[in-house]
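Below, each chain spelled out in residue letters.
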Amino acid sequence: MAAQAGAGVATADAKQASPAPKALVMTGTSLSKTPIVPRIEKLLQDHDAYTTTFTGMKQHAPISNIEEALELLRSNQANLIVGIGGGSVIDAAKLVSYFHNERHGSFIPHIAIPTTLSAAEFTSHAGYTDEEGNKAALSSEGIVARAIIMDPKISLHTPEKLWLSTGIRAMDHAFETLYRPGAAYPLQQLALAAIRDLFTYLPQCMGEEGKKHIEARGKLQIAAWMSLFPNKIETGLGPSHALGHALGATYAIPHGYCSVLTLPNTIRMMARHLGEGNDRSMLANTFSYIPTPYVRDHMHLSDDFEGEPDVGTILASAAALDKLVERLGLRTSLSHYKVPKGDLKKIAEKAYKATVAKPGWKEICPNADEMVSHVLEPVY
């Protein structure tokens, strides 16, 4: 299936002949060893639209790799990027386009072929790792993918844990949309549907049998799209994402596992932190979208908070997410990634500053001490 994107980006005058496409393929080392990349290279070669392939994009898109890819694009006179991979590769394709425009005055259109559920292909934002090893980000309508090709069969070449953990990343997008300031009701309904489908179809992708469930993989790709439906909201996502950004590049934790670590406890923290009203009620709605086997043992929690049933219901949803993480075999800890315990306060402070810098968050964002005690210490 394919989705068109890039609305609002200036295009050439229709009367002016467009140059023949000459593509730079961008991917990572592991994926370059699968049959996918050679197959796409051949398709491009058959149409005289191929220049070369950059296979060195590492996790969290280091700026040095982006510069290498940009130089390769320039030296081969490529005018199109085909990004094949997960969030780091897709973001890197966007960043090459961004920096090309900054330095040479034109965005390079790109086609995204995602192989994970990170959903980077649906946004106008791109994250990378700067020279100091910190997470940085840029945004522009000009870097939105011109086309997105979602083929569930491609995901068969994605390592199982990577596929499943990025499913939890998509879950992170969906949950944080529910209390994101300014998120419109239709976006929240899509997020709830994404949560339902992620709970339903992720377990179907496990083991040898999981390789046969092409339909489930396609449903998950749509769920990732629903979890981060393209929008122009400037408020950004919340504390779970900010903590993940503070953890990922600095401590070499993959995107999906950042969400495994931060999301369940962030949901618990927000249940107590959000006041009564639409945001907390919407978060409580997740309980009715989660399949019964995950919530059956936690239904009593809504009765444990007399006068505040929404709090108990949200805590039940967080417990259900813990159960899903356990079932998928994704349980991990900060100590596993050798995060120094003395860094927890620094991580939380960075996440707090990043969150409250966005419109609407200052009033509802838990402080750094709460992030340490409620989110980081329990997973250490």
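Owing to the predicted nature of the structure, the values given are computational and were not obtained by experimental measurement.

**Thoughts on helix 2 (residues 36-46)**
Along helix 2, the positions that sit buried rather than exposed are Ile36, Val37, Ile40, Glu41 and Leu44. Viewed end-on, helix 2 has its buried residues packed into an arc of 130°, placing them on one side of the element. Away from its buried face, by an angle of more than 90 degrees, helix 2 presents the exposed residues Arg39, Leu43 and Asp46. Residues of helix 2 that are buried make contact with strand 2 (23-26), helix 1 (29-32), strand 3 (50-54), strand 4 (80-85) and strand 5 (110-114). Asp48 occupies a position one or two residues after helix 2 and carries a positive phi of about 55°.

**As for the packing of helix 6 (residues 185-201) against helix 8 (residues 214-227)**
Two numbers describe how helix 6 lies on helix 8: the axes approach to 8 Å, and their chain directions differ by 150°. Comparing their axes, helix 8 and helix 6 come out roughly antiparallel. In the packing of helix 6 onto helix 8, the handedness of the crossing is left-handed. Mapping the contact onto sequence places Leu190, Ala191, Ala193, Ala194, Asp197, Leu198 and Tyr201 in helix 6 and Ala216, Lys219, Leu220, Ala223, Met226 and Ser227 in helix 8.

**Regarding the packing of aromatic side chains**
Centre-to-centre distance and the angle between the planes together describe a pair of aromatic rings. As enumerated under the stated definition, the model contains 6 aromatic pairs in all. Relative to Phe99, the ring of Tyr98 has its centre 5.6 Å away and its plane inclined at 90°; by these criteria the two rings are edge-to-face. Looking at Tyr98, the relative accessible area reads 15%, which means it is buried. Under the relative-accessibility criterion, Phe99 is labelled buried at 12%. Taken together, a centroid distance of 6.3 Å and an interplanar angle of 80° make the contact between Phe99 and Tyr128 edge-to-face. Here the residue Phe99 occupies a position in helix 4 (residues 87-104), and Tyr128 occupies one in strand 6 (residues 125-129), the gap between them amounting to 29 residues. The burial state of Phe99 is the same as that of Tyr128; both residues are buried.

**Overview of the side chain of His60**
Looking at the secondary structure, you find His60 in the loop between strand 3 and helix 3 (63-75). Excluding residues that lie within four positions of it along the chain, His60 makes contacts with Ser88, Tyr128, Thr129, Lys135, Gly248, Ala249, Ile253, Pro254 and His255.

**Focus on the pairing of strand 5**
With 4 of its 5 residues buried, strand 5 lies for the most part within the structure. For strand 4 and strand 5, the ladder comprises 5 bridges, and the chain directions are parallel. Counterpart to Gly85 in the pairing with strand 5 is Pro114. Taking the sense of rotation as the criterion, the β-α-β connection linking strand 4, helix 4 and strand 5 turns out right-handed. With 2 bridges joining them, strand 5 and strand 8 (residues 147-149) adopt parallel strand pairing. Bridging from a neighbouring strand, Ile111 pairs with Ala147 of strand 8.

Reading the values: the criteria
- Residues numbered from 1 in each chain as written.
- Predicted model: local features only at pLDDT ≥ 70, side-chain atom pairs only at ≥ 80, totals over all residues.
- Heavy atoms only, no water.
- Buried < 20%, exposed > 50% of the residue type's maximum accessible area, 1.4 Å probe, protein only.
- Helix = DSSP H or I, 4+ residues; strand = E, 2+ residues; numbered from the N terminus.
- Arc of directions from axis to C-beta.
- Contact = heavy atoms within 4.5 Å.
- Axes fitted to C-alpha atoms, helices over the stretch in contact; angles between N-to-C directions.
- Parallel < 35°, antiparallel > 145°, perpendicular 65-115°, else oblique.
- Left-handed = near helix turned anticlockwise from the far one by under 90°.
- Phe/Tyr/Trp six-rings, centres within 6.5 Å; stacked < 30°, edge-to-face > 60°.
- Pairing = 2+ DSSP bridges.
- Right-handed = clockwise from strand over helix to strand, strands pointing away.

The values reported here are purely geometric and, on their own, carry no functional implication.
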